[in-house]
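# Coordinate analysis (summary)
The chain contents come next:
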Amino acid sequence: MPEPTHEPSSEPSGDAGPPSLMTEGATNEARLSEAAPSDAGATSGPGFALMEDTAVTLLRASEGAENVSAGGRTFEVDLPPVSQTEDAPAAMPGVSAPLLGEGRFAFLARAGEALASSLDEPTVLRQLADLVVPGLADWCAVDLLEADGTVVRRAAAHRDPARVCDVYALAERWPMTVNGPRGVSRVLGTGQPFLMSDVPDVPDPGAAAAVADSDLLFAESRRLGCRSVMLVPLEARGRVLGCLSLISGAPDRRYGARELELARELARRAGLSLDNALLYGEARQAQARTARLQAVTAALSRAATEDAVAQVLAREVWEASGATRVAVLALEEDGRMRPLRLLGYPDDAQGHFAQHPGGSASPTARQDTRHEAGWFASLEDFIAQHPQDAEFARSLGPGARAVVPLWCETRVRGLLLLAWPESRAFTSSERAFLEALAHQCAQALERASLYEALRERTERLRQALVTGDVGTWRVDLRRGHEVRDAALNHMLGLPVVDSTSAMGDFLRYVHPDDLAPLEPEFLRHQSEAPVVFEQEFRLVRRDGGIRWVHSVGQSLVGPDGKVACVTGAMADITRRKEAEERLQLLLDASRVLALRLDDVEQALPEVAKLVANHVATGCLVDLAEPDGSLRRVTAAHREAALEARMRASLTEPGRGPGHPALQCFASGEVCFVAPLDAPRCHDMSSSEEHRGLIGSLAPTSVLSVPLRSRGRTLGVITLFTAGAQRMLVAADVTMAEELALRLSVALENARLYHDAQSAVRLRDEFLSVASHELKTPLTSLILQHNLIGRGLEVAGLTGPVTNRLATAQRQVLRLTALVDNLLDVSRLSLGKLVLERAEVDLVQVTRDAVERMTDVFAQAKCLLRLELPRTLTGHWDALRLDQVLVNLLTNAAKYGAGCPVSVRAGLNAEDEAWVEVSDAGIGIEADALPRLFGRFERAVSDRHYGGMGLGLYISRQIVEALGGRIDVDSQPGQGATFTLRLPRTPPAS
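Note that this is a predicted model, so its numbers are computed, not measured.

Take the overall build of the protein next. A count of helical and extended segments in the protein gives 28 helices and 32 strands. In the protein, which comprises 989 residues, the proportion classed as buried is 47%. Taking as baseline every contact in the protein between residues at least 6 positions apart, the subset at least 24 positions apart corresponds to 64%. Of the roughly 47,900 Å² of accessible surface on the protein, a fraction of 54% belongs to carbon and sulfur atoms.

What follows is the structure, given as structure tokens:
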């Protein structure tokens, strides 16, 4: 609520409450004709519309009467022009002493001077309120009509400054509208004044209806002091700007026609001053917007990128419009919206605005081809226009929205989105300002796009020229010569100047291996229609060095339509090719090593040859001996003759203490020498034969890298270059270290593999021997137990001894089964498992196994259910099949103790016999299923369930040897189902 700005008055305030000046309603009112100021008419309203009062009022108004009494109410209707009103100091009803003291002309003159003293709208309204209180009213209010049609209380005054806030509170509590049937609303809608000379003390339904919409509002008005009311419009240039409400609360102050005419004249002057202030304010706003547009233009002229343009636009719009959310979106060529700057939006808005064309694009994407902006006064207006975006719009909250396209002369470059937290109307000046900003931004985006494209092209050209790795060439077919620039001659090792030579001279520098495919293509482009071509090939420098180039050319035609010249550029791509060769070397070496996991030393010659062919001239590999010496394993060279000489000297001594391989092996660090000078070459040899070999190889750079694994040096790999081959560089050191790492891992893995194989063989031999050795005493012990049992049976002795003998027999049988399992494991590991196939009835084998397991199931309290056919025959090993079934039944009784066990058998469509053993026990975890059939693997803790984890392993090996398979299906807490499937006939070998 605005704070009161008038000076407090010393006159006492009225003792009655005022009406709400914002209410709709007018009952007893006098409508004054603009054409005849001396005529007035009083019309009655609901509540106290007396025909007699109206007739008397009209009669006296025509006779120039001043006051009319009717029913205790006074209606002022005599409205002479101000020029006809005498400036007399005589007291008149409804005129205060200060006003009578100075006269009406003097009051209006003073009012005009005060109102004309400022062009600031708040100042004009404050001075208007100060003029009428307390001279013309006990309290007053000024309500203005906004551009969006709302009514706002902009000024108020009261005899008692403490009650000014109550005047503002009335407008906030009971908002006004335009074109209402009562009070201020009607005055604003019709432009006609309203007069109620006498507001009765006793509540009257008619008076209450004229003053307020409710009894509570009427009571509030009476509390502020309300004895007489005048409402006059503030007009200028034929339009209503607002309403001036004058309320008298003193019993001796009653408004009549003369006071109303005075108020109208005051309102007219105030309307002119207010209109001037509004025009001045609009002019200042226009000036400020012009200045802001100039500032934006200057800022955009300095913005060279899209992000900088979007930042300037978002900042300026944020400050100028008062919006709480601003988004600047760029429109791509494919119709995609790309957010450039978001202010005030949540984090997930980025994904909403960036939509693929053809999908559910952002709301403004459907406005992308039009130049018209979208102005939405409220959220409901926006949703009505874009219902598909209702959910996202509601998530941002209520308020006005604006969608302004960023359009330039050619197309729409993007969109500007604005959101306000409250509903509002958009003035024409505000719309023009935002559209002008958007247009400037679109032009700046267009310039930024062009600048970025130009910058990218300039940067490419600059990079090509600065690096010096790009040269240009031109073949003039009309004049018969070639032109090469200085950069291309530099790549060829020629003098760094532009040169002209005969046609075909350039082909002399092409690598012989690339010349055969390149020359026909080059000649073809000299005769065919214009075409752009590109090729990659090698050049041989004058000093013998090899350079890879990427050439792009184009044939151009002359006026006669024939090819006149061929021009192009060449880029040195040697580094890229070298990097590709290093990578290819690592890939090829890894493949070779992976194929020789068991014997890596046999793969070393192939690896050395790969190194010599890809990145070096030659390669040597040394491995460490148990005595700490180095043994040269292999050597490779690009030239076959030198490679043969190197391999012939593998076992010959002669390396000196300065040899890089020996230094690398001793220190365990990389030894890199480049370039390699004569003194260093001399130190590398300790014999004349070795010096002769080094002289023939003529190395220019040497790199030795240790093969290390687990803190031990396993050997050394040495690379060297010679002749025209480039010298090794730092990138080669990194590659060699990676290669050495892979060699070290392969050597270590091969050693561990051989050690593991040896350990497995020893274990299997031990298990085989131990199993055989244990079988003999166990067999004897079983026979002794049987003899003892038979003796006790003959003697008729029973009791504890018999029970203990049975327990001992079970333990011996269990021990025998464990020994058999160990023996089977050793046989399986050595591949000595023998199967004795014969015609076997699977049903009978199953029944026999179940019968032998009857006591086990009884002890485990498992109810056994059999579903078996009468017979099911096939060619299998009966003993091994019985072993598998016993293992499955034993597991079902062990892990399904206390739960039913089901055994089923049958024949499937593939003529496979199957046996299914199911229990409802503890089940198996999903992560344990893949390893369940592994050797010594267990799915449960051995603290709660005994066993060695060999039963299922042996069972699977036996079943697979019979050509079948075992499947398991289980879930924790729901038991397990093992299914044995066997072909009825032996599989073909």
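Having seen the model, we can carry on.
Counted under the stated rule, the structure contains 56 salt bridges. Among the salt bridges present, the one from Asp-560 reaches Arg-478, with a minimum N-O distance of 3.0 Å. Taken together, the positions of Asp-560 in the loop between β19 (546-557) and β20 (563-572) and Arg-478 in the loop between β15 (470-476) and β16 (481-484) put the pair 82 residues apart, joining distant regions of the chain. Classification of Asp-560 by relative accessible area gives partly exposed; the value is 48%. Each of Arg-710, Arg-712, Glu-748, Arg-751 and Asp-755 takes part in salt bridges that share partners, so that together they form one network.

Attention shifts here to the packing of helix α25 (residues 842-852) against helix α27 (residues 878-895). To characterise two packed helices, one gives the angle between the axes of the helices and the distance between these axes. Packing of α25 against α27 leaves a shortest axis separation of 9 Å and a crossing angle of 50°. The angle between the axes of α25 and α27 places the two elements in the oblique class. Relative to α27, α25 is oriented so that their crossing is right-handed. Residues Leu-842, Val-845, Thr-846, Ala-849, Val-850 and Arg-852 of α25 lie in contact with α27, whose contacting residues are Ala-878, Leu-881, Asp-882, Leu-885, Val-886 and Leu-889. Counted by class, the contact of α25 with α27 contains 9 nonpolar, 1 polar and 2 charged residues.

Attention now moves to the sheet that holds strand β22 (residues 630-637). In space, the 5 strands of this open sheet follow the order β22-β21-β25-β24-β23, with antiparallel pairing throughout. The open sheet has two edge strands with one neighbour each: β22 and β23 (671-673). Taking each pair of neighbouring strands and ignoring which way they run, the sheet shows an average axis angle of 15°. Note: β23 against strand β24 (residues 699-709), 3 bridges, orientation antiparallel. What sits directly across from Val-673, in β24, is Val-702.

A few words on the pairing of strand β29 (residues 901-907). Of all the 7 residues making up β29, 5 are buried; the element is thus mostly covered by neighbouring parts of the structure. Two elements, strand β27 (residues 864-867) and β29, share 4 bridges in a ladder whose sense is parallel. Paired with Glu-867 across the bridge in β29 is Arg-904. Note: β29 against strand β30 (residues 912-919), 7 bridges, orientation antiparallel.

A few words now on the nonpolar core. Ranked by size, the top nonpolar core spans 42 residues in total, and within it Leu-889, Phe-978 and Leu-980 carry the most contacts. Mapped onto this core, the elements with two or more residues apiece are α25, α26 (854-860), α27, β29, β30, α28 (951-961) and β32 (976-983). Residue contributions to this core peak at 7 residues, all from α27.

The subject of this paragraph is the packing of aromatic side chains. Taken as a whole, this structure holds 7 aromatic pairs when the rule is applied. Between Phe-353 and Phe-392 the ring centres are 5.8 Å apart and the planes differ by 80°, which places this aromatic pair in the edge-to-face class. Note that Phe-353 is positioned in helix α11 (residues 349-353) and Phe-392 in helix α13 (residues 390-395), a separation of 39 residues in sequence. Here Phe-353 matches Phe-392 in class, with each residue buried. When the ring of Trp-375 is compared with that of Phe-426, the centres are 5.1 Å apart and the planes differ by 50°; the resulting orientation is tilted. Of this pair, Trp-375 sits in strand β12 (residues 374-376) while Phe-426 is found in the loop between β14 (412-419) and α14 (428-467), placing the two residues 51 residues apart along the sequence. Residue Trp-375 shares its accessibility class with Phe-426, and that shared class is buried. Grouped by ring-pair contacts, the aromatic residues Tyr-345, Phe-353 and Phe-392 constitute a single cluster.

Let us now look at helix α16 (residues 512-525). Its 14 residues give α16 an end-to-end C-alpha distance of 20 Å, which sits within 8% of 20 Å, the value for a rise of 1.5 Å per residue. Along α16, the sharpest kink reaches roughly 35°, centred on Leu-518 and followed within four residues by the proline Pro-520. Taken residue by residue, α16 has Asp-514, Leu-518, Phe-522 and His-525 as its buried positions.

Side-chain direction in a regular strand flips from residue to residue, so the side chains alternate between the two faces of the sheet. Of all 7 residues in strand β21 (residues 618-624), 6 are buried; the element is thus mostly enclosed. Both β21 and β22 contribute to a ladder of 7 bridges, which runs antiparallel. Directly across from Leu-623, in β22, lies its bridge partner Arg-631. One ladder, built from 6 bridges, connects β21 with strand β25 (residues 712-722); its direction is antiparallel. What sits directly across from Val-621, in β25, is Ile-717.

Let us look at the environment of Ser-117. Counting through the fold element by element, Ser-117 comes out in the loop between α3 (104-115) and α4 (121-132). Separated by 10 residues in the primary sequence, Ser-117 and Gln-127 place their C-alpha atoms 9.5 Å from one another.

Here the focus is unusual backbone geometry. In this chain, Val-133 is followed by Pro-134 through a cis amide linkage whose omega measures 5°. Following the sequence through the fold, Pro-134 ends up in the loop between α4 and β5 (139-145). Looking along the chain, the bond that leaves Ala-674 and enters Pro-675 is cis, with omega of -5°. Mapped onto the fold, Pro-675 is located in the loop between β23 and α21 (678-683). Positive phi is not limited to glycine here, since Ala-698 has a value of about 50°.

What counts, and at which threshold
- Residues numbered from 1 in each chain as written.
- Predicted model: local features only at pLDDT ≥ 70, side-chain atom pairs only at ≥ 80, totals over all residues.
- Heavy atoms only, no water.
- Helix = DSSP H or I, 4+ residues; strand = E, 2+ residues; numbered from the N terminus.
- Buried < 20%, exposed > 50% of the residue type's maximum accessible area, 1.4 Å probe, protein only.
- Contact = heavy atoms within 4.5 Å.
- Areas by Shrake-Rupley, 256 points an atom, 1.4 Å probe, with all protein chains shown as cover.
- Salt bridge = Lys/Arg side-chain N within 4 Å of Asp/Glu carboxyl O.
- Axes fitted to C-alpha atoms, helices over the stretch in contact; angles between N-to-C directions.
- Parallel < 35°, antiparallel > 145°, perpendicular 65-115°, else oblique.
- Left-handed = near helix turned anticlockwise from the far one by under 90°.
- Nonpolar A, V, L, I, M, F, W, Y, C, P; charged D, E, K, R; others polar.
- Pairing = 2+ DSSP bridges.
- Core = buried A, V, L, I, M, F, W, Y, C linked by side-chain atoms within 4.5 Å.
- Phe/Tyr/Trp six-rings, centres within 6.5 Å; stacked < 30°, edge-to-face > 60°.
- Expected span 1.5 Å × (residues − 1).
- Bend = angle between axes of the 7 residues up to and from the residue.

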